[in-house]
Amino acid sequence: MSALDDSKTGDTTGASDDFKVPSGVLELRHATCTRDDLQVERKLLRKLDLRMSIIVVIFTLNYIDRSNVSNARLQGFEQDLHLQGQQYATILSILFIGYIITQVPANMFLYWFGRPSIFLPSCMLVWGAISALTGITKNYTGAVLARFFLGFAEGPFYPGSMFLISRWYKRDELASRVALISCGIPISNAFGSLIASGILQGMQGKLGQAAWRWLFYVEGSVTMFISVCAMFILPDLPHNTKWLSPEERAIAISRLAEDGDGRTELWDRTSVQGLWDAVSDWKVWWFAAAYIAQLFVQSFAAYFPTLSATMGYNTTVSLLLCAPPWVLSTIAAFALSRYSDKKQKRYIYFAASNGVTALGFIISVCTMNTAARYFSLFLMAQVYAGYMVFWGWVNNTFAGEPAKQAVAVAIINGLGSIGNITGSYAWQSQWAPTYRYSYAVCIATISVSTGMLGVMHLHLKRLNKRIAREEQNGGDERALSGTVGFRYLV
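Attention in this report is confined to the structure presented alongside it. (Residues numbered from 1 in each chain as written. Predicted model: local features only at pLDDT ≥ 70, side-chain atom pairs only at ≥ 80, totals over all residues. Heavy atoms only, no water.)

**Quick notes on the packing of helix H5 (residues 87-113) against helix H7 (residues 140-154)**
Put simply, H5 and H7 touch, their axes get as near as 6 Å, and they point 30 degrees apart. Of the possible angle classes, the one that applies to H5 and H7 is roughly parallel. As H5 runs across H7, the sense of the crossing is right-handed. Contacts between H5 and H7 involve Gln87, Thr90, Ile91, Leu92, Ile94, Leu95, Ile97, Gly98, Tyr99, Ile101 and Thr102 on the former and, on the latter, Tyr140, Ala143, Val144, Arg147, Phe148, Leu150, Gly151, Phe152 and Glu154. Its residues assigned to classes, the contact of H5 with H7 shows 13 nonpolar, five polar and two charged. (Axes fitted to C-alpha atoms, helices over the stretch in contact; angles between N-to-C directions. Helix = DSSP H or I, 4+ residues; strand = E, 2+ residues; numbered from the N terminus. Parallel < 35°, antiparallel > 145°, perpendicular 65-115°, else oblique. Left-handed = near helix turned anticlockwise from the far one by under 90°. Contact = heavy atoms within 4.5 Å. Nonpolar A, V, L, I, M, F, W, Y, C, P; charged D, E, K, R; others polar.)

Encoded structure:
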């Protein structure tokens, strides 16, 4: 029998236990909810937010280790490895092959294993080591192999972290938490460039090594150190996190059951059943297709230092100019996500973010004026606000079905990486320095992702109306037995 069928015998701390709502817990909580309970809940959230904040650091390092090759490109990476033609684009894109392969099995394993505090930092330790070893590569083959295995190691982290926070936070808390965690992406783009500028400027020739090699050594080593710290900071799941009091543990479990679809049979599904639930739901595939288009658009981020360099400044200045757009992006993304949570809406904020990004693309197509091009970089960087709202929306849509949610998030994130692979080839050297064709393709693609999620928005609104009608008529036994009050966030 598969190890992922959750059939561990004699193990009273299996991950599936976390998703079983104890008999009577909801009724008891409704009947006895007091001011003290609310104080305990607030204390629990403060603890969680503090510990979960390390995911921001991990996420930042995840993207720094993934994108440091873009910074190394400005300081001799291509020349030293004798890269030609589309070899650099292949080095960028090959990472996502392993990344896609590991998504679903890794999240199924995490759901079964139930120890994110061990699993996620262990993956981090491995990718930090591989990132550091990229610095010793001598040719194209070595760089491709390093990036390929880096994708395998990095793959489990993002869907795993999304699954972890979804098992602690309610639906109206998710988008802002996803935003806080995902802020690691623009932060890495901002400070990764600043760190890279310092290393590339000051480490050239040290111990006979090129500066770009030191970039991999230093950043990979920092990742490995933080991974060890994370093992002692990250929480596991409500049923097996050691630092919870019994009262906090009960509240952590019951508040999620109250917030989502209360049908307990969905909370008892195994990993394999969750896999079937996910692959048989067309919404998963629709989200995945839209996400492919969205990540194709976001491929410009991997070439951000190159786009900054088209303004004509030297390597150090070009890297420093990369930071301000991403700092503003971080602030705007967090603010938009908080507002999205407050208003309990998703699509309108996703569409607004994409609209601002498309405007940045249009400006870059129309002019080579330095000030206008730099302003366009600020607008383009706002794409990550929509990205964060998108992931809050995905987690909301599959809330209350943990086994299905674990697989759905992995499928969407894994298949979405096809957009990263294809997008790596959209910024060809022969289209420099204007990259007008690249921007034009991104404008078309961002229209596709926005339109597809518009269709999902309308579909979920229609489902909400149907649920409300069934509750009002009292004719749907399923609704009355667990989904009363549940609505999709749209």
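Read on, since the account is not over.
**Here we look at helix H9 (residues 171-182)**
An α-helical turn contains 3.6 residues, so any two residues separated by three or four positions project in the same direction. Relative to the 16 Å expected for twelve residues at 1.5 Å per residue, H9 spans 17 Å between its end C-alpha atoms, a close match to the ideal helical length. Looking only at H9, the buried set comprises Arg171, Glu173, Leu174, Ala175, Ser176, Arg177, Val178, Ala179, Ile181 and Ser182. (Expected span 1.5 Å × (residues − 1). Buried < 20%, exposed > 50% of the residue type's maximum accessible area, 1.4 Å probe, protein only.)

**Brief notes about the side chain of arginine 167**
Here arginine 167 lies in the loop between helix H8 (157-166) and H9. A distance of 3.5 Å separates polar atoms of two side chains, one belonging to arginine 167 and the other to serine 166. Side-chain polar atoms of arginine 167 contact the side chain of glutamine 405, separated by 2.7 Å. (Polar contact = N/O pair within 3.5 Å; in protein donor to acceptor, adjacent residues only side chain to side chain.)

**A closer look at the environment of threonine 450**
Note on placement: threonine 450 falls in helix H22 (residues 436-473). For the pair threonine 450 and alanine 352, spaced 98 residues apart in the sequence, the C-alpha separation amounts to 9.5 Å. With near-sequence residues (within four places) excluded, threonine 450 lies in contact with Tyr347, Phe350, Ala351 and Asn354.

**Quick look at the packing of H5 against H8**
Direction vectors running N to C along H5 and H8 enclose 35 degrees, while the axes themselves pass 8 Å from each other. Crossing of H5 against H8: the hand is right-handed. Every residue of H8 that contacts H5 at Tyr99, Gln103, Asn107, Leu110 and Tyr111 is listed here: Tyr158, Pro159, Gly160 and Phe163. For the contact of H5 with H8, the per-class residue count stands at six nonpolar, three polar and no charged.

**Points about the packing of aromatic side chains**
Taken as a whole and assessed by the stated rule, the structure comprises 43 aromatic pairs. Measuring from ring centre to ring centre gives 5.6 Å for phenylalanine 287 and tryptophan 393, while their planes differ by 85 degrees; the resulting arrangement is edge-to-face. Here tryptophan 393 lies in helix H20 (residues 383-397) and phenylalanine 287 lies in helix H15 (residues 282-297), a separation of 106 residues in the sequence. With a centroid separation of 6.4 Å and 45 degrees between ring planes, the pair formed by phenylalanine 350 and phenylalanine 390 is classed as tilted. Taken together, the residues phenylalanine 350 in helix H18 (residues 347-366) and phenylalanine 390 in helix H20 connect sequence positions 40 residues apart. Phenylalanine 390 sits in the buried class, given a relative accessible area of 3%. Above the plane of the ring of tyrosine 63 lies arginine 66, whose end atom (NZ or CZ) is 4.3 Å from the centre. (Phe/Tyr/Trp six-rings, centres within 6.5 Å; stacked < 30°, edge-to-face > 60°. Lys NZ or Arg CZ within 6 Å of the ring centre and 35° of its normal.)

**So, unusual backbone geometry**
Peptide bonds are mostly trans, and most non-glycine residues show a negative phi. With an omega of -5 degrees, the peptide bond between alanine 432 and proline 433 qualifies as cis. By secondary structure assignment, the location of proline 433 is in the loop between helix H21 (402-423) and H22. A positive phi angle, near 55 degrees, is found at leucine 207, a position not held by glycine. Structurally, the position occupied by leucine 207 is in the loop between helix H10 (184-202) and helix H11 (211-230).

**Structural notes on a nonpolar patch on the surface**
Together, Phe191, Leu194, Ile195, Leu320, Val327 and Ile331 line one region of the surface with nonpolar side chains, adding up to about 500 Å² of accessible area. Residue assignment for the nonpolar patch shows that the elements contributing at least two residues are H10 and helix H17 (315-343). By the element assignment, isoleucine 195 lies in helix H10. (Patch = residues over 30% accessible without salt bridge, like charges linked within 9 Å, V, L, I, M, F, W, Y side chains within 5 Å. Areas by Shrake-Rupley, 256 points an atom, 1.4 Å probe, with all protein chains shown as cover. Salt bridge = Lys/Arg side-chain N within 4 Å of Asp/Glu carboxyl O.)

**With respect to empty space enclosed by the protein**
Going through the model one piece at a time under the given rule, you end up with six cavities of 30 Å³ or more. Lining the largest cavity are 24 residues; nearest its centre among them are Tyr63, Arg66, Phe96, Ala302 and Asn420. Counting only elements with at least two residues in the lining of the largest cavity, the list comes to helix H3 (54-72), H5, H10, H15, H20 and H21. Among the residues forming the lining of the largest cavity, the class breakdown is twelve nonpolar, ten polar and two charged. (1 Å grid on protein atoms, 1.4 Å probe; cavity = no way out; pocket = protein on both sides within 12 Å on 5 of 7 lines; lining within 4 Å. Points joined across faces, edges and corners; volume = space filled by probe spheres on them.)

**Topic: a positive patch on the surface**
On the surface, Lys345, Lys461, Arg462 and Lys465 cluster together into a patch of positive charge. If you trace the backbone, lysine 461 turns up in helix H22. (Lys, Arg positive; Asp, Glu negative; His and termini not counted. Charge placed at Lys NZ, Arg CZ, Asp CG, Glu CD.)

**Re the nonpolar core**
Counting residues in hydrophobic clusters, the biggest one holds 136 residues, and the most contacted among them are Phe77, Tyr387, Trp391 and Ile412. Considering each element in turn, this core owes the most residues, 13 residues, to H5. For isoleucine 412, the residues in contact, after removing those within four places along its chain, are Val284, Phe287, Ala288, Tyr291, Phe390, Trp391, Val394 and Phe398. (Core = buried A, V, L, I, M, F, W, Y, C linked by side-chain atoms within 4.5 Å.)

By themselves these figures say nothing about function.
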